[in-house]
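Listed below are the residues making up each chain.
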Amino acid sequence: MQATLDSLKSTSKKSAWVDLAAHYKKLRGTHLRQLFKEDPKRGERYTLEATGLLLDYSKNLVPDETLELLFRLAAESNLQDHIEAMFRGEKINFTENRAVLHTALRAPRHASMMAGGENVVPKVHAVPDKMAHFSAQVRNGEWRGHTGKQIRNVVNIGIGGSDLGPVMAYEALKYYSDRSIQFRFVSNIDGADILEALRDLDPAETLFLVSSKTFTTLETMTNARTARGWLLAGLGGDEKAIARHFVAISTNAREVAKFGMDTANMFEFWDWVGGRYSMSSAIGLSTMIAIGEENFRAMLSGLHRMDEHFRTAPAAQNLPALRACWRSGITTSSARRPSRCCPTNST
């Protein structure tokens, strides 16, 4: 907390921040309609394309002067140095004292990304390889439930990034999904959530993915135990059924085994993967089962392209940096509307 406060104090003393504060007072009475009236080509000028994505930020209350000040703030804050530090695996998450290396999850096999003095890319690639084998078994019917029935339902149990990422990816990529398998997502500790998710499913055809690094997360494990009870009740109480209907995304083999799962079907991820950025790790197992290995790896490739764009593009042409700049600045007026970012026709 103190480090965060010190950082905020340091930022507030920068000349660009002081100028932004003064600029805000001048701009806060301005309506978005006025900016479009003064600049009829605003809708064209305030767009940016990179890696197949088109960012339209014309609907933000941000004139040219604001952007110039925000880019100044980025330079004064040594943004590029911090970006490079992230890619080097330095512990830039100072509140938790750990690295932020979700970029390693989609790095090519030949790449080198260091964490704790170790190149983590080889062990990172071992996980999607294992995921690919398992997801193919589920999709082609080779992996069957305890009674021999094919898996027709996949239920992802997690919370935070272990839920939001997979849900978002599934909804966004549903076009590519295997429609013979239903996918449902449970995160709310309110029992109504999981009861509704399981209401019309056949236990013999249902596979649960339980995502918890420690396998002790209260909400996730409460829902996992509910699912366990539901499954056993539907399959005659045979404990051996658990290993065919539950797999874990975790690092706690002891707790996974105590639950009744086969640790051979445990998929790991690491401390340097923050939850909100984890969908390209083993947390994305439900996504790979839904869309298949080829499409999942294509997604990782696209994420890597954006990582490289973020690392190399100057702030004024950098989609993530640009969005971060204006959201850290003065754009808090009620007249501001959120930007839109959508795919272009390019692939």
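Residues numbered from 1 in each chain as written. Predicted model: local features only at pLDDT ≥ 70, side-chain atom pairs only at ≥ 80, totals over all residues. Heavy atoms only, no water.

**Student:** What exactly am I supposed to notice about the overall build of the protein chain here?
**Tutor:** Helix and strand counts for the protein chain stand at 14 helices and 10 strands. Projected onto the principal axes, the alpha-carbon positions of the protein chain cover approximately 70 × 45 × 40 Å. Classification of the 347 residues of the protein chain by burial places 47% in the buried group. Contacts in the protein chain between residues at least 24 apart in sequence constitute 66% of all its contacts with a sequence separation of at least 6. About 17400 Å² of surface is accessible on the protein chain, with carbon and sulfur atoms providing 52% of the total. (Helix = DSSP H or I, 4+ residues; strand = E, 2+ residues; numbered from the N terminus. Buried < 20%, exposed > 50% of the residue type's maximum accessible area, 1.4 Å probe, protein only. Contact = heavy atoms within 4.5 Å. Areas by Shrake-Rupley, 256 points an atom, 1.4 Å probe, with all protein chains shown as cover.)

**Student:** Can you help me understand helix H9 (residues 191-198) in this one?
**Tutor:** Side chains of residues three or four places apart in an α-helix project in the same direction, reflecting 3.6 residues per turn. Within H9, the full set of buried residues consists of Ile-194, Ala-197 and Leu-198. Burial along H9 is one-sided: seen end-on, the buried residues are contained in an arc of 90 degrees. Across from the buried face of H9, at angles greater than 90 degrees, the exposed residues are Leu-195 and Glu-196. Each element contacted by the buried residues of H9 is listed here: strand E5 (153-157), strand E6 (182-186), strand E7 (206-211) and helix H10 (218-234). (Arc of directions from axis to C-beta.)

**Student:** Quick question: what am I supposed to make of the sheet that holds E5 here?
**Tutor:** In space, the 5 strands of this open sheet follow the order E6-E5-E7-E8-E9, with parallel pairing throughout. The open sheet has two edge strands, E6 and strand E9 (266-267), and neither has a second partner. Bridge count between E5 and E6: 5 bridges; the pairing is parallel. Looking at E6, one finds that Val-154 is bridged to Phe-183. Lying on the sheet, helix H8 (residues 161-172) is in contact with E5, E6 and E7; it crosses E6 at an angle near 150 degrees. (Pairing = 2+ DSSP bridges. Axes fitted to C-alpha atoms, helices over the stretch in contact; angles between N-to-C directions.)

**Student:** Would you mind showing me how to read the layout of surface pockets here?
**Tutor:** It is the rolling of a water-molecule-sized probe over the atoms that shows where space remains empty. Size it by volume and the second largest pocket reaches roughly 250 Å³. Along its surface, the second largest pocket is lined by 16 residues, and Ile-159, Gly-161, Ser-162, Phe-269 and Gly-275 are the ones closest to its centre. Partitioned by chemical class, the residues of the lining of the second largest pocket number 4 nonpolar, 10 polar and 2 charged. (1 Å grid on protein atoms, 1.4 Å probe; cavity = no way out; pocket = protein on both sides within 12 Å on 5 of 7 lines; lining within 4 Å. Points joined across faces, edges and corners; volume = space filled by probe spheres on them. Nonpolar A, V, L, I, M, F, W, Y, C, P; charged D, E, K, R; others polar.)

**Student:** Would you explain the pattern of salt bridges in this entry?
**Tutor:** Tallied over the entire structure, the rule returns 22 salt bridges. Put simply, Glu-171 and Lys-174 hold a salt bridge, and the shortest N to O gap is 3.4 Å. Members of the salt-bridge network, linked through shared partners, are Arg-109, Asp-129, Glu-293 and Arg-297. (Salt bridge = Lys/Arg side-chain N within 4 Å of Asp/Glu carboxyl O.)

**Student:** Honestly, the packing of helix H7 (residues 121-140) against helix H13 (residues 285-312) in this entry has me stumped. Any pointers?
**Tutor:** Geometry of a packed helix pair, given as the angle between the helix axes and the separation of the axes. Contact geometry of H7 with H13 gives a least axis separation of 9 Å together with a crossing angle of 110 degrees. Comparing the axis directions of H7 and H13 gives the class roughly perpendicular. Counting all contacts with H7, which are made through Pro-128, Asp-129, Met-131, Ala-132, Phe-134, Ser-135, Val-138 and Arg-139, the residues of H13 involved are Leu-285, Met-288, Ile-289, Ala-290, Ile-291, Gly-292, Glu-293, Phe-296 and Arg-297. Counted by class, the contact of H7 with H13 contains 11 nonpolar, 2 polar and 4 charged residues. (Parallel < 35°, antiparallel > 145°, perpendicular 65-115°, else oblique.)

**Student:** Would you explain the pairing of strand E8 (residues 246-249) in this entry?
**Tutor:** Successive side chains on a regular strand alternate, one facing one side of the sheet and the next facing the other. What you see with E8 is no split at all: Phe-246 and Ala-248 on one side and Val-247 and Ile-249 on the other are buried throughout. Here E7 runs beside E8; their pairing, made up of 4 bridges, is parallel. Residue pairing across strands places Leu-209 opposite Val-247, the latter belonging to E8. Bridging between E8 and E9 involves 2 bridges; their strand directions are parallel. Its bridge partner being in E9, Ala-248 is matched across the sheet by Met-266. Of the crossover connections in this fold, the one passing from E8 over helix H12 (residues 253-259) to the parallel E9 is right-handed. (Right-handed = clockwise from strand over helix to strand, strands pointing away.)

**Student:** What is the right way to read the confidence of the model for the protein chain from this model?
**Tutor:** Keep in mind that low pLDDT regions are not for reading the predicted coordinates in detail. On average, residues of the protein chain carry a pLDDT of 89, and 90% of them reach 70 or more. Residue range residues 1-5 is modelled with pLDDT below 50. Its contacts to residues more than four positions away, or to other chains, number 3 contacts. Between residues 330-347, whose pLDDT stays under 50, and residues either more than four places distant or in other chains, the model counts 48 contacts. (pLDDT = per-residue confidence, 0-100.)

**Student:** For this particular structure, what's the right way to read the environment of Ser-278?
**Tutor:** If you trace the backbone, Ser-278 turns up in the loop between E9 and H13. Beyond its immediate chain neighbours, meaning those up to four positions away, Ser-278 contacts Gly-161, Val-273, Ile-283 and Gly-284.

**Student:** Can you help me understand H8 in this one?
**Tutor:** With 12 residues, H8 should cover 16 Å at 1.5 Å per step; its first-to-last C-alpha distance of 16 Å lies within 8% of that length. All buried positions along H8 are accounted for by Gly-161, Ser-162, Asp-163, Gly-165, Pro-166, Ala-169 and Tyr-170. Turning to H8, the residues buried within the fold contact E5, E6, E7 and H13. (Expected span 1.5 Å × (residues − 1).)

**Student:** Is there a simple way to explain the nonpolar core in this structure?
**Tutor:** Here is a general trend for soluble globular proteins: nonpolar side chains tend to be buried in one another's company. One finds Phe-134, Leu-207, Trp-272, Leu-285 and Ile-289 to be the most contacted residues of the largest nonpolar core, which totals 50 residues. Of the residues forming this core, the biggest block, 9 residues, is contributed by H13. Setting aside residues up to four positions removed in sequence, Leu-285 forms contacts with Met-131, Phe-134, Leu-209, Val-247, Ile-249 and Phe-267. Within the second largest apolar cluster, 25 residues are counted, among which are Leu-198, Leu-201, Ala-227 and Ala-241. (Core = buried A, V, L, I, M, F, W, Y, C linked by side-chain atoms within 4.5 Å.)

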